[in-house]
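Understanding the architecture of this molecule
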Amino acid sequence: MRTLAFDGRLGASGDMILGALLAVGADRSVLDPVESALPVRYAVDSTVKNGIAATTVDVLLTDESGHDSHDYGQPDEHDHTHDHDHDHDHTHDHTHTHDHTHAEGHGAHRSYTEVLEIVDSMALPEAVTADARGAFRLLGEAEAAVHGESLEAIQFHEVGADDAIADIVGAMLLVDDLGVDRLVTTPLSVGGGHREMSHGTYPIPGPAVLEIAERADWSVDGGPIDAELLTPTGAAILAQLAEGVETLPALSVAASGYGAGDFTFESHPNVLRATLGDGGSRLDRDSITVLETNLDDASPELLGGLQQTLTAAGARDVSILPVTMKKSRPGHLVKVICKPEDAERVAHRLALETGTLGIREHGAGHRWTAHREIETVELTIGDETYDVDIKIASTTDGEVYDVSTEYDDAAAVADETGRPITEIMRRAEAALEDGH
């Protein structure tokens, strides 16, 4: 299984992730759709951080003709100060001097919906679009939680500008180009100390980073330096893509590389390391969210129809549990698993079908699922031959760990032949084994 592992001990930002992905072998040309859709250009270069050769990526503004915009007033020394959490640090250590205008925080500050419209307009591969939308949903939910607003009302500031869109979509394109089956990260260092924001002095990590970390599969560490090491954009990219691990997994290493950050520290190289190789088998990782509501007046007919109506709206699974509600009244808890991007549509259908006054969402998380395929075997009983489907569950590298006959097929054959269902199931699974 092709695995990409990040070492998060010096944190992560969008440009560090881009640099690490390019350093480990991703093709620079896959970023072309972003440069075509936005007035930006990815400037890829190299630097040395505390003796470590690393790749740098800067997102530069371009003019209408596609050339880099210039700031003739003074060289861009990257000493900007911003009042919001964002995806760039404040001190750069590139080995060259230039006067290009960086896209950091430039461009329109957009709503969550406007950002998604831009992503959709790029006509990206389906998986890339889904991951980019997922990362922006994580950012939007974090901002909404911090400011006490709804997701639809939230206005992105730096993370809605051109450079943040370029960071997130670019990272998804490069990961897709590498063709990895699994992406992991060790615990991510957030740094320490304090920083000035528009609402006062806040401890590091900032509120948005903590909100994203709450929704992520990986863990965070404080330190080892008093600086902002994990940015909201970097956190959102990894929250969407990465499984958390404590240490580098067992890998047959094919390539490794480093993406440079903007800080220069006395004794810690400010780089994000990526390692690409083949690892062991695992289950598929699927991003999900869970919707639930309590019902105290639903008829059996209504409840019985929810599987069909909610599945048609995008639900992946529907469970209905008996519960005791207020005043000891009997009721039902409806729990629905769906993809984060389908949550609003499924919630709307659930409200229409049940008349519920409120639906809870348990944020974006993940579930582990088997790779599933169906094989059909032929059973000869008497003078007749019957087709029976068998579901085969396996890990991503093909290790089969469960075989089960489709019950409805076995029941139909049992009904026609007068044989027990369990016998039909045993014979079908034996036929499958004999065929292999």
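So, how was this worked out
- Residues numbered from 1 in each chain as written.
- Predicted model: local features only at pLDDT ≥ 70, side-chain atom pairs only at ≥ 80, totals over all residues.
- Heavy atoms only, no water.
- Helix = DSSP H or I, 4+ residues; strand = E, 2+ residues; numbered from the N terminus.
- Buried < 20%, exposed > 50% of the residue type's maximum accessible area, 1.4 Å probe, protein only.
- Contact = heavy atoms within 4.5 Å.
- Areas by Shrake-Rupley, 256 points an atom, 1.4 Å probe, with all protein chains shown as cover.
- Axes fitted to C-alpha atoms, helices over the stretch in contact; angles between N-to-C directions.
- Parallel < 35°, antiparallel > 145°, perpendicular 65-115°, else oblique.
- Left-handed = near helix turned anticlockwise from the far one by under 90°.
- Nonpolar A, V, L, I, M, F, W, Y, C, P; charged D, E, K, R; others polar.
- Phe/Tyr/Trp six-rings, centres within 6.5 Å; stacked < 30°, edge-to-face > 60°.

**Overview of the overall build of the protein chain**
Counting its regular elements, the protein chain contains eleven helices and 18 strands. Here the protein chain holds 436 residues, and the buried ones make up 50% of them. Taking the intrachain contacts of the protein chain between residues at least 6 apart in sequence as the baseline, contacts between residues at least 24 apart amount to 71%. Counting only carbon and sulfur atoms, one obtains 47% of the accessible surface of the protein chain, whose full area is about 20,100 Å².

**Overview of the packing of helix H1 (residues 14–23) against helix H5 (residues 162–178)**
Here H1 crosses H5 at 20°, and the two axes come no closer than 9 Å. What the angle tells us is that H1 and H5 run roughly parallel. Read as a crossing pair, H1 and H5 show a hand that is left-handed. Residue-level contacts link Gly-14, Asp-15, Ile-17, Leu-18, Leu-21 and Leu-22 of H1 to Asp-167, Gly-170, Ala-171, Leu-174, Val-175 and Leu-178 of H5. Looking at the contact of H1 with H5 residue by residue, the classes come out as eight nonpolar, two polar and two charged.

**Notes on the side chain of Thr-185**
Examined against the element boundaries, Thr-185 turns out to sit in strand S4 (residues 182–185). Among the residues examined, Thr-185 registers a relative accessible area of 0% and is labelled buried. Aside from chain neighbours lying at most four places away, what touches Thr-185 is Phe-6, Gly-8, Trp-218, Ala-242, Glu-243, Gly-244 and Val-245.

**Quick look at the packing of aromatic side chains**
Enumeration over the complete set of coordinates arrives at one aromatic pair. Ring plane angle 35° and centroid distance 5.3 Å describe the contact between Phe-263 and Phe-265, whose orientation is recorded as tilted. According to the relative accessible area criterion, Phe-263 is buried, its value standing at 12%.

**Side note on unusual backbone geometry**
Cis peptide bonds are those with omega within 30 degrees of zero, and the linkage from Ile-204 to Pro-205 qualifies with 10°. Looking at the element boundaries, Pro-205 is found in the loop between strand S7 (200–203) and helix H6 (207–215). Cis rather than trans, the peptide bond between Gly-223 and Pro-224 has omega equal to 0°. The phi dihedral of Lys-327 is positive, around 60°, even though this residue is not glycine. Along the polypeptide, Lys-327 turns up in the loop between strand S13 (315–324) and strand S14 (330–338).

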